[in-house]
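So the chains spell out like this:
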Amino acid sequence: MRLFLYYDHTATYIPNPKKKSFLCIGLDVDLNKIPKHLLKEEDPIFAFNRAIIDATHHVCVAYKPNTAFYEAYGIKGWQALEKTINYLNDNHPEIYTIADAKRGDIGNTSTMYAKAFFEDLGFDSVTVAPYMGKDSVEPFLAFKDKHTILLALTSNQGAFDFQTKSVDGVELYKQVLETSKTWRNSENLMYVVGATKAEFLGDIRKIIPDSFLLVPGVGAQGGNLQEVCKYGMNSSVGLLINSSRGIIYASQEEDFAEAAAQKAQELQLDMSEILSL
Ligand SMILES: O=c1ccn([C@@H]2O[C@H](COP(=O)(O)O)[C@@H](O)[C@H]2O)c(=O)[nH]1
């Protein structure tokens, strides 16, 4: 029998027979896309997120705000991000949170990025780019009970520019997976693999059979849930499947939260079916 998972804040995934979900909802808030009536609110971004969270928390196990959508609105955007993570941690502490920030820099700078997302904001995890190497990632890994989600094979077309190119006969994304396993505190690593790259998951699982994968690209980018699960699922599920636009912009009218809940539930029902196979 497959395990049904949720995150329990002791940095382990444990079975949850109730949710039957491994859905992550992306909170990528664009003021040009949210319902017009929300623009009258004092903080439209937070008002939107709160409504989406209230309507969908029962069918998902994680939320992933992409920080670009908050940074674009300056200090107000950052405040909305802070209110959103506080709302999640206060009201749904069992739900896993991901700051999709794609950081990584020289060591002392990475430490400050890690403090920003793990200590100040209180996220469970942050996405990090691997290409500055070990000393740029280990400062994130040093944080106990937090996860660093390393970009391995991304969902976009540009992934083929570098990530799949061979260096010394081995594709770069495979080198990222192999090498990162040797880093200090590598047990705190998870990896991003795009849903649009499902056919690579068999090879990826040979290198990292047990790691959790964050898989964006289902929905608006056309990735297929069943394909991802066929090649990427392991005995503890091992997948967090993200959809952002496909859920949160299901409607731009007053019924936006109900419409988002409907879309999220459709994905969750597909997941429930896959888990029962
Ligand atoms: O390889 C990657 C890494 C990150 N993303 C991010 O995930 C979401 C996807 O949003 P959709 O609206 O469901 O397409 C977004 O925040 C991306 O920046 C990704 O798509 N691919």
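None of the values given here were measured: they were computed from a predicted structure.

**With respect to the site of the ligand**
Close to the ligand lie 15 residues; Asp-28, Ser-155, Gln-221, Ser-244 and Arg-245 are nearest. Between the ligand and the protein, one listed contact pairs a nitrogen atom with a side-chain N or O atom of Ser-155 at 2.6 Å. Within the contact set of the ligand, an oxygen atom lies 2.7 Å away from a side-chain nitrogen or oxygen of Arg-245. Protein coverage of the free-state accessible area of the ligand, which is 470 Å², stands at 88%. Those elements that provide at least two residues to the shell around the ligand are strand 5 (96–103) and strand 12 (239–243). Grouping the amino acids of the shell around the ligand by side-chain chemistry returns three nonpolar, seven polar and five charged.

**Description of the sheet that holds strand 6 (residues 125–128)**
Where strands meet in a sheet, backbone hydrogen bonds hold them as pairs that are either parallel or antiparallel. On the basis of which strands lie adjacent, the closed barrel formed by eight strands has the order 3-4-5-6-7-10-11-12 and parallel pairing. Taken pair by pair, the neighbouring strands of this sheet meet at an average axis angle of 30°, ignoring direction. As judged from the three bridges shared by strand 3 (residues 23–26) and strand 4 (residues 62–64), these two strands associate in the parallel manner. Counted as the bridge partner of Cys-24 is Ala-62 from strand 4. This element, helix 4 (residues 107–120), spans strand 5, strand 6 and strand 7 (147–153) of the sheet and lies at about 155° to strand 5. Set on the sheet, helix 7 (residues 172–180) makes contact with strand 7 and strand 10 (189–193); between it and strand 7 the angle comes to about 150°.

**Observations concerning the pattern of salt bridges**
Counted under the stated rule, the structure contains 10 salt bridges. Salt-bridge contacts for Asp-43 lead to Lys-83; the nearest nitrogen and oxygen are separated by 2.7 Å. Of this pair, Asp-43 sits in the loop between strand 3 and helix 1 (44–56) while Lys-83 sits in helix 3 (residues 74–91), placing them 40 residues apart in sequence. Judged by relative accessible area, Asp-43 falls into the buried class, the value being 13%. Of the charged contacts in the structure, one is a salt bridge between Lys-263 and Glu-266, with a shortest N-O distance of 4.0 Å.

**Re the UniProt feature "domain: Orotidine 5'-phosphate decarboxylase" (unreviewed entry) in the chain**
In the numbering used here, UniProt assigns the "domain: Orotidine 5'-phosphate decarboxylase" (unreviewed entry) feature to residues 22–260. As annotated, residues 22–260 comprises 39% helix and 18% strand, and the C-alpha atoms at either end are separated by 17 Å.

**With respect to the environment of Gly-158**
Inspection of the secondary structure puts Gly-158 in the loop between strand 7 and helix 6 (159–162). Classification of Gly-158 as partly exposed rests on a relative accessible area of 29%.

**Here we look at unusual backbone geometry**
The residue Lys-102 is not glycine, and still its phi comes out positive at about 45°. Looking at where Lys-102 falls in the secondary structure, it is placed in strand 5. At Asn-185, a position not held by glycine, the phi torsion is positive, near 65°. Looking at the element boundaries, Asn-185 is found in the loop between helix 7 and strand 10. With relative accessibility at 27%, the residue Asn-185 sits in the partly exposed group.

**Points about the packing of aromatic side chains**
On inspection of all chains with the given rule, the structure shows seven aromatic pairs. Measuring from centroid to centroid gives 5.8 Å for Phe-46 and Tyr-87, while their planes differ by 80°, and the two rings are edge-to-face. Taken together, the positions of Phe-46 in helix 1 and Tyr-87 in helix 3 put the pair 41 residues apart, joining distant regions of the chain. Among the residues examined, Phe-46 registers a relative accessible area of 11% and is labelled buried.

**A few points about the environment of Thr-182**
Counting through the fold element by element, Thr-182 comes out in the loop between helix 7 and strand 10. The exposure class assigned to Thr-182 is exposed, which follows from its relative accessible area of 60%. When the C-alpha positions of Thr-182 and Thr-67 are compared, they lie 29 Å apart, and in sequence the two are 115 residues distant. One polar contact links the side chain of Thr-182 to the main-chain carbonyl oxygen of Thr-179, over a distance of 2.6 Å.

Rules and cut-offs
- Residues numbered from 1 in each chain as written.
- Predicted model: local features only at pLDDT ≥ 70, side-chain atom pairs only at ≥ 80, totals over all residues.
- Heavy atoms only, no water.
- Near = heavy atom within 4 Å.
- Polar contact = N/O pair within 3.5 Å; in protein donor to acceptor, adjacent residues only side chain to side chain.
- Areas by Shrake-Rupley, 256 points an atom, 1.4 Å probe, with all protein chains shown as cover.
- Helix = DSSP H or I, 4+ residues; strand = E, 2+ residues; numbered from the N terminus.
- Nonpolar A, V, L, I, M, F, W, Y, C, P; charged D, E, K, R; others polar.
- Pairing = 2+ DSSP bridges.
- Axes fitted to C-alpha atoms, helices over the stretch in contact; angles between N-to-C directions.
- Contact = heavy atoms within 4.5 Å.
- Salt bridge = Lys/Arg side-chain N within 4 Å of Asp/Glu carboxyl O.
- Buried < 20%, exposed > 50% of the residue type's maximum accessible area, 1.4 Å probe, protein only.
- UniProt positions renumbered as here; feature names shortened; annotations may be inferred.
- Phe/Tyr/Trp six-rings, centres within 6.5 Å; stacked < 30°, edge-to-face > 60°.

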